[in-house]
Amino acid sequence: MNKWGDKPYHSLDFEMKKRFGEKVYKIALAGGMTCPNRDGTVGRGGCIFCSGNGSGDFAVPPADSVTEQIDRGIAGISARKQVGDQFIAYFQSFTNTYAPVHVLRRLYEQAIRHPKVVMLSIATRPDCLPREVLELLSECSRVKPVMVELGLQTIHERTAALIRRGYPLEVYDAAAASLKERGIEVVTHVIAGLPHETRRDFLETVYHVGQAGSDGIKLQLLHVLRGTDLASLYQRGECGVLTMEEYIETVVAALSILPEDMVIHRLTGDGPRDLLIAPMWSCRKREVLNEIHRQMKRRNVWQGKERNRYVHERSHYHL
């Protein structure tokens, strides 16, 4: 057994058990917010891969209060799994700092006051963290730990323009630095297989996230979902998706160049089956995870093993 337990990388499950002494589940919440990339402030229609649920396809349906959502979420997980008494309140749908501060304060305070919530997690955009919101997050972090998930996806501006991300890379860098200065954990979302990107492009994104000081990372496969602009590109043959073998190779390479202390929050994802067009193999999430673990063991690879060599040989490095 290595220093991260039974996996060759620093998993979120390992980190939460180390901090809280048991497995800690996330309760996905809907704060009732939209996104500046949908309401016309930055753009309309959102990113080209967004299904319209703002990555909240699995969130608890909205209720009268955050407390009710948490209680219902705990009950739902408890009916399927053996759980403890500690949970993460996860504001997931759309941009969860995109509201007046008094609205955010009411939502966040309900979450951190819940007796079974041990951490607050907030998914947002790097361009939606004005000073007053940062100060609110800092206040909350003095009550219970706070992590903020930033949707970066790529460092390459040509891809960012294509997917309609709506902000330049320096905005992400500044947001990550501002959160870190206030002692707030940063988790960064990146996507492998974005249109016209190579594996080298993705590894450069992953490397940058490590250099930016992000505490955690979510590695995500590009999904083509029904009703999105990406689906139109895919159906016209203007972009493709990764095979399972390509994705596994990419993830193994990415893990090998990440800092050893970075927490891996996700290695893959499974889009809503009623909307998923491609790749259909992504529905076999357990199989994908098992194969990633098998390949790392077979190749004797672990998180961070190749980071130093990659740093010194980036211009001609092959993984």
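Everything here concerns the structure above.
Description of the structure in this document. Quick caveat, the model's predicted, so the values are computed rather than measured.

With 8 of 8 residues buried, strand S3 (residues 117–124) lies mostly within the body of the structure. By the bridge criterion, 5 bridges tie strand S2 (residues 87–91) to S3 in an arrangement that is parallel. Considered in S3, the bridge of Phe87 is made with Val117. Remark: the S2/helix H3 (residues 101–113)/S3 crossover connection has right-handed handedness.

Right, let's talk about the pairing of strand S6 (residues 216–221) for a bit. Taking burial as the measure, the 6 residues of S6 include 6 buried ones, the bulk of the element. Judged by which residues are buried, S6 turns out to be covered on both faces: Gly216, Lys218 and Gln220 on one side and Ile217, Leu219 and Leu221 on the other are all buried. In this structure, strand S5 (residues 185–192) lies alongside S6, joined through 6 bridges in parallel fashion. Across the sheet, residue Thr188 finds its bridge partner in S6, namely Ile217. With helix H7 (residues 199–211) bridging S5 and the parallel S6, this β-α-β connection has right-handed handedness. The sheet contact formed by S6 and strand S8 (residues 263–266) spans 3 bridges and is parallel.

Turning to the pattern of salt bridges, a few remarks are in order. Close approach of charged atoms allows side chains with opposite charge to pair. As enumerated under the stated definition, the model contains 26 salt bridges in all. Close ionic contact of Glu249 with Arg299 constitutes a salt bridge, the shortest N to O distance being 2.6 Å. Of this pair, Glu249 sits in helix H9 (residues 244–257) while Arg299 sits in helix H10 (residues 285–299), and the two are 50 residues apart along the sequence. Taking the relative accessible area as the measure of exposure, Glu249 reaches 28% and is therefore partly exposed. Between Glu306 and Arg309 there is a salt bridge, with its nearest N and O atoms 2.8 Å apart. Assessed through its relative accessible area of 40%, Arg309 is described here as partly exposed. A cluster of three or more residues bridged by salt bridges with shared partners is formed by Glu15, Lys18, Arg19 and Glu185.

Conventions used here
- Residues numbered from 1 in each chain as written.
- Predicted model: local features only at pLDDT ≥ 70, side-chain atom pairs only at ≥ 80, totals over all residues.
- Heavy atoms only, no water.
- Buried < 20%, exposed > 50% of the residue type's maximum accessible area, 1.4 Å probe, protein only.
- Helix = DSSP H or I, 4+ residues; strand = E, 2+ residues; numbered from the N terminus.
- Pairing = 2+ DSSP bridges.
- Right-handed = clockwise from strand over helix to strand, strands pointing away.
- Salt bridge = Lys/Arg side-chain N within 4 Å of Asp/Glu carboxyl O.

Read these as geometric descriptors, not functional statements.
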